[in-house]
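Listed below, chain by chain, are the residues.
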Amino acid sequence: MNRYLSKDFLSGLMFVGFGAAALYFGQKLAIGTAVRMGPGYVPRMLSLILLGLGILICVLALINGGEEVEKPKWKPITLVTIGIVCFALLLERAGLFPALVVLILISSLAGEEFKLFEVIGNIVVLSILCIVVFKLGLGMNISILEGVW
């Protein structure tokens, strides 16, 4: 029974599940040929690759065994989820910069160590990077600070 509860076997099952779901939801897309690809060609091939890798990982996990799955760590799961929800709620109301600050602060609390200097550095670097990529590079219509920029 331990082989069925190993990390490798369960991750292989997850790959198989995602591959099967992608095949199911993309079945109505036209495939086309390798020369004239339709909108369903790449998703179908990627889902078949995902299925194949998942089956291979499951078989190898059954043969070789693997590490048992550890208990979930609820603090990181909860805090990162709360951070993402806060980011989604703040993005349109306050702008990109405040939403990023809240996301990084809350998500940083999920770790084992919280060092304020490192968190501030993350906020500065990631905010500059996101502004450069999304606002300046891609020209997205998002406000950096609502009502200011």
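Summary of the structure given here. (Residues numbered from 1 in each chain as written. Predicted model: local features only at pLDDT ≥ 70, side-chain atom pairs only at ≥ 80, totals over all residues. Heavy atoms only, no water.)

## Considering the overall build of the chain
Inclusion rule: Helix and strand definitions here come from DSSP, where helices need a minimum of 4 consecutive H or I residues and strands a minimum of 2 consecutive E residues; each element is numbered from the N-terminal end. Atoms considered for the radius of gyration are the C-alpha atoms alone. The globule rule reads 2.2 Å times the number of residues to the power 0.38. The buried label goes to any residue with under 20% of its type's maximum accessible area, the exposed label to any with over 50%, and the partly exposed label to all in between, with areas taken from a 1.4 Å probe on protein chains only.
Within the chain one finds 5 helices and 0 strands. The secondary structure elements of the chain, listed N-terminal to C-terminal, are α-α-α-α-α. Whereas a compact globule of 149 residues would reach a radius of gyration of roughly 15 Å, the chain reaches 21 Å, over 25% beyond that. With the principal axes as the frame, the chain shows a C-alpha extent of 55 × 45 × 20 Å. Per-residue burial for the chain yields a buried fraction of 23% across its 149 residues.

## A word on the pattern of salt bridges
Definition in use: Salt bridge criterion: a side-chain nitrogen from Lys or Arg within 4 Å of a carboxyl oxygen from Asp or Glu.
One pass over the structure, following the stated rule, counts 1 salt bridge. Across the pair Glu113 and Lys115 runs a salt bridge whose closest N-O atoms are separated by 3.5 Å. Residue classification places Glu113 among the exposed residues on the basis of a relative accessible area of 58%. The class for Lys115 is partly exposed, based on a relative accessible area of 41%.

## Some remarks on the side chain of Ser127
Note the threshold: Any two residues having at least one pair of non-hydrogen atoms within 4.5 Å are treated as being in contact.
In this fold, Ser127 is placed in helix 5 (residues 116-137). The class of Ser127 is buried, set by a relative accessible area of 3%. When neighbours within four sequence positions are excluded, Ser127 is seen to be in contact with Phe97, Leu100 and Asn122.

## So, the packing of helix 3 (residues 74-94) against helix 4 (residues 96-108)
Rules: Interaxial angle, 0 to 180 degrees, is taken between N-to-C directions of lines fitted to C-alpha atoms, where a helix line uses only the stretch in contact. Between 65 and 115 degrees an angle is taken as roughly perpendicular, under 35 as roughly parallel, over 145 as roughly antiparallel, and anywhere else as oblique. Only Asp, Glu, Lys and Arg are considered charged in this grouping, and only Ala, Val, Leu, Ile, Met, Phe, Trp, Tyr, Cys and Pro are considered nonpolar; every other residue, Gly among them, is considered polar.
One can describe the packing of helix 3 onto helix 4 by two numbers: an axis separation of 8 Å at closest approach and a directional angle of 170°. With respect to each other, helix 3 and helix 4 are oriented roughly antiparallel. Of helix 4, the residues touching helix 3 (which contributes Leu79, Val80, Ile82, Gly83, Ile84, Cys86, Phe87, Leu90, Leu91 and Ala94) are Leu96, Pro98, Ala99, Leu100, Val102, Leu103, Ile106 and Ser107. Considering only residue class, the contact of helix 3 with helix 4 consists of 16 nonpolar, 2 polar and no charged.

## Things to note about helix 4
Selection rule: By definition here, a helix of n residues has an expected span of 1.5 Å times n minus one.
Its 13 residues give helix 4 an end-to-end C-alpha distance of 18 Å, which sits within 8% of 18 Å, the value for a rise of 1.5 Å per residue. Packing partners of the buried residues in helix 4 comprise helix 3 and helix 5.

## So, the nonpolar core
Proteins that are soluble and globular tend to have nonpolar side chains buried together. So the rule is basically this: The set of buried Ala, Val, Leu, Ile, Met, Phe, Trp, Tyr and Cys residues whose side-chain atoms join them within 4.5 Å is what this entry labels a nonpolar core.
In terms of nonpolar packing, the biggest core is built from 6 residues, these being Leu96, Leu100, Cys130, Ile131, Ile142 and Ile144. Sorting the residues of this core by element identifies helix 4 and helix 5 as the ones contributing at least two each.

## Focus on the packing of helix 1 (residues 7-25) against helix 2 (residues 41-64)
What counts here: Handedness of a crossing follows from how the near helix is turned relative to the far one, being left-handed for an anticlockwise turn of less than a right angle and right-handed for a clockwise one.
At a minimum axis separation of 7 Å, helix 1 and helix 2 run at an interaxial angle of 160°. Judged by the inter-axis angle, helix 1 sits roughly antiparallel to helix 2. Seen from above, helix 1 lies across helix 2 with left-handed handedness. Counted together, Asp8, Phe9, Ser11, Gly12, Leu13, Phe15, Val16, Phe18, Gly19, Ala20, Ala22 and Leu23 of helix 1 and Arg44, Ser47, Leu48, Leu50, Leu51, Leu53, Gly54, Ile55, Ile57, Cys58, Ala61 and Leu62 of helix 2 form the full contact between these two elements.

None of the figures reported here should be taken as evidence of function without further support.
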